[in-house]
Amino acid sequence: MNTVRYPDGHVLLRNLARDFPVISHGQGIYLFDKQGKRYLDGSGGALVVSVGHGNREVADRIHEQLLRVAYVNGTHFTADVTEELASKLCALAPEGLDRAAFLSSGSEVTEAAVKFARQLWVERGQPQRSKVITRMPGYHGNTLYALSMSGRPHYKKFFGPLLSEVITTPAPYPYRSGLADYARDGAEHYARLLEETIEREGASTIAAFIAEPVIGSSAGASPPPPGYFERVSEICRRHGILTIADEVMCGCGRTGQFFASNQFQFQPDVLVLGKGISGGYVPLSALLVRQSHLEEMRQGSGGFMHAQTYLQAPVMTAAGLAVLDYYERHGLVAHAARVGEYLQRRLREVLLPLPHVGSIQGVGLMAGVEFVEDKASKRPFPRGRKVVEGLLSELFAQGLILWPNTGHADGTNGDLVMIGPPLVITESEVDELVELLARGINRYMERP
């Protein structure tokens, strides 16, 4: 079987109206299907792949752990690989984040982060602090509370009655900020909007503020304006609101530093990682918290009231440790910073002159390309045209895989693609990626 299309087989396919090639193997930044076709994995799946496909060093380390013990629950045992991974992460992390827990997805760890913040306020005798401020657009996961915090209005059509109420404030978004000078005025503008939101809701009712240091697909790798996180952190500290950094997509070296929070002077109370931390070799995510906060729980209820089936499972943490060791041995973060600068430059040089490319933004090996019907007015294509879906289909046929987003322009309309290749990509491979993307855009946009 070389391709599968519903109703073939028994897998519940994500899309019920397309052919799915059957994957054969991967190597570096490339994937190969059973028909021998090669694909350049320009988005690392969903910006997951960090150390490349078919990485023997990482796979061998996971295999070694499998032969020792694959699974115990973190409520029963710890393991050497778990302890070492936690120590290495905390040594790299923003100041004060010195305890780590390990789960199996970004959505799960985001839920855990919010639960940690909520429990801490209950321990402190302030149970009225139950609200979370999130930013729009933004994305924090697909489980119910994580989805509640995400800027995905189209999901509400199906799941709205199941979602929780959250507080929203505008997210920094250079292309659609409306500011004459985003770099000069952005921090103060968005900080003022956050302050107004807090005053309207009542600071004493708010538990936490969550933010992606670099916004992922929801705003096309949108970086914050200079000084933004210093301003919002000061506001949150003044009002006693805990801060949560969501680095599930932008962390683990993708922006050119291991932690994007460090890059943008953000010192959160809680930080979450996922995706690149295991490079896609096993499901893995990480929750980093302050020991001082954990000590408050120890003196109160006795511990953090959260556990899941794969909490601290050794095969997961062995994968994370193997990936971290690979980063160190091969200087992968510095490599990502250097090649990332080249990627950002080449994207702008080649794509910005094209008629329907409205903006290119990003940091390191994380970039977003937004498409518009009219560049002068920044008017998006009508959603009914499904421009990004059609473009991705064209690119896929030409052997380039990217990650889409829709609806970011106004909640309904908007088309963009995310670029986030494996961190092992080279400059010559960047040239190939950009050439394939430009060719695909030209072919698709020229059609009537």
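Refer to the structure printed above.
Cut-offs applied
Residues numbered from 1 in each chain as written. Predicted model: local features only at pLDDT ≥ 70, side-chain atom pairs only at ≥ 80, totals over all residues. Heavy atoms only, no water. Helix = DSSP H or I, 4+ residues; strand = E, 2+ residues; numbered from the N terminus. Buried < 20%, exposed > 50% of the residue type's maximum accessible area, 1.4 Å probe, protein only. Phe/Tyr/Trp six-rings, centres within 6.5 Å; stacked < 30°, edge-to-face > 60°. Lys NZ or Arg CZ within 6 Å of the ring centre and 35° of its normal. Salt bridge = Lys/Arg side-chain N within 4 Å of Asp/Glu carboxyl O.

Q: Before we go on, may I ask you to explain unusual backbone geometry in this structure?
A: Most peptide bonds take the trans configuration, and most residues that are not glycine carry a negative phi. The residue after tyrosine 6, namely proline 7, is reached through a cis peptide bond having omega 15°. Along the chain, the position of proline 7 falls in the loop between strand E1 (3-4) and strand E2 (20-21). A positive phi angle, near 60°, is found at alanine 221, a position not held by glycine. Assignment of secondary structure puts alanine 221 in the loop between strand E9 (206-211) and helix H8 (228-238). On the basis of relative accessible area, alanine 221 is assigned to the buried category, the value being 0%. Despite not being glycine, glutamine 265 shows a phi value in the positive range, around 55°. Tracing the chain through its elements places glutamine 265 in the loop between helix H9 (260-263) and strand E11 (270-273).

Q: I tried to follow the packing of aromatic side chains on my own but got confused; where do I start?
A: Aromatic rings in a pair are described by how distant their centres are and how their planes are angled relative to each other. Throughout the structure, instances matching the rule amount to 8 aromatic pairs. When the centroid spacing of 4.3 Å and the interplanar angle of 15° are considered together, the rings of phenylalanine 229 and phenylalanine 266 count as stacked. Within this pair, whereas phenylalanine 229 is found in helix H8, its partner phenylalanine 266 is found in the loop between H9 and E11, the two being separated by 37 residues in sequence. Just as phenylalanine 229 is buried, phenylalanine 266 falls in that class too. Of the aromatic side chains, those joined through ring pairs into one cluster are Tyr228, Phe229 and Phe266. The residue whose ring lies beneath arginine 18 is phenylalanine 396, and the NZ or CZ to ring-centre distance is 5.2 Å. In this structure, lysine 378 packs its charged tip against the face of tyrosine 175, placed 4.7 Å from the ring centre.

Q: Got a minute to help me understand the pattern of salt bridges in this structure?
A: A side chain of one charge can pair with a side chain of the opposite charge when the charged atoms of the two come close. Taken as a whole and assessed by the stated rule, the structure comprises 27 salt bridges. Here arginine 56 and aspartate 60 are joined by a salt bridge, their closest N and O atoms 3.8 Å apart. Separated by 4 residues within a single helix, arginine 56 and aspartate 60 lie in helix H2 (residues 56-68), roughly one turn from each other. Exposure remark for arginine 56: the relative accessible area of 62% places this residue in the exposed category. The exposure class assigned to aspartate 60 is partly exposed, which follows from its relative accessible area of 34%. Taking the shortest distance from any N to any O, the salt bridge between arginine 192 and glutamate 196 comes out at 3.2 Å. In this pair, arginine 192 and glutamate 196 are both assigned in helix H7 (residues 182-201), 4 residues apart and thus about one turn of the helix distant. Here the residues in one salt-bridge network are Glu188, Glu195, Arg231, Glu234 and Arg238, joined through shared partners.

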